[in-house]
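These are the residues of each chain, in order.
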Amino acid sequence: MTKQASNDLRTAALDAYLTRQEADGYSIETRTAVQAVIFRRRWDFARRFTRTSVGERRLVVSVDEHGEVSAVVAAPRRW
């Protein structure tokens, strides 16, 4: 398999995964051809009025050279 074909496979696998996650309520924060950071804001109306941080769920999604997608929890934003 050529390097171009491998990159196309990885990009296609990431595209398919991100499409499924967007349907589940995630948004794309950043993206490259083989890696992305996605997030989903958690809404908790009870905490909204007490000003307790509700936060977001952030994931780093990456694709290996075989087209396998993996997602790990990302560090929280510091800004």
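So, here is what we can say about the structure in this document.

1. A short note on the nonpolar core
Here is step 1: If you look at the biggest cluster of nonpolar residues, it comprises 10 residues: Ala 13, Leu 14, Tyr 17, Leu 18, Tyr 26, Ala 36, Ile 38, Leu 59, Val 61 and Val 63.
Here is step 2: Elements that contribute at least two residues to this core include exactly α1 (3-23), β2 (35-41) and β3 (56-63).
Here is step 3: For this core, the element with the most residues is α1, which contributes 4 residues.
Here is step 4: The residues contacting Val 61, other than those within four sequence positions of it, are Leu 14, Tyr 17, Val 34, Gln 35, Ala 36, Ile 38, Val 69, Ser 70 and Ala 71.

2. Observations regarding the side chain of Gln 21
Here is step 1: If you trace the backbone, Gln 21 turns up in helix α1.
Here is step 2: Apart from residues lying up to four places away in sequence, Gln 21 is in contact with Tyr 26 and Ile 38.

3. Here we look at the sheet that holds strand β4 (residues 69-73)
Here is step 1: Ordered by their spatial adjacency, 4 strands build an open sheet running β1-β2-β3-β4, and the pairing between neighbours is antiparallel. Strand pairing shows two members of the sheet lacking a second neighbour, β1 (27-31) and β4, which therefore form its edges. When the angles between neighbouring strand axes are averaged without regard to direction, this sheet yields 25°.
Here is step 2: In this sheet, β2 lies alongside β1 in antiparallel orientation, the contact comprising 4 bridges. Bridge pairing links Ile 28 to Ile 38 in β2.
Here is step 3: Running at roughly 150° to β1, α1 makes contact with β1, β2, β3 and β4 of the sheet.

Rules and cut-offs
- Throughout, residues of each chain are indexed from 1 in the direction in which the sequence is written.
- In keeping with the predicted nature of the model, local features appear solely for residues at pLDDT of at least 70, side-chain atom pairs appear and are counted solely at 80 or more, and the whole-chain, interface and lining totals rest on all residues.
- With hydrogens and water stripped out, all remaining heavy atoms of the structure feed into the side-chain values.
- We define a nonpolar core as any set of buried Ala, Val, Leu, Ile, Met, Phe, Trp, Tyr and Cys residues linked to one another through side-chain atoms lying within 4.5 Å.
- Only protein chains enter the accessibility calculation, which uses a 1.4 Å probe. A residue is then buried if its area is under 20% of the maximum for its type, exposed if over 50%, and partly exposed in between.
- Only DSSP runs of H or I reaching four residues or more are called helices, and only runs of E reaching two or more are called strands; each is numbered from the N terminus.
- Note on contacts: a residue pair is in contact if any heavy atoms of the two residues lie within 4.5 Å.
- The pairing criterion for strands is at least two bridges between them, as found by DSSP.
- Working convention: axes come from line fits to C-alpha atoms, limited for helices to the stretch in contact. Angles between N-to-C directions cover 0 to 180 degrees.

What is shown is where atoms sit, not what they do.
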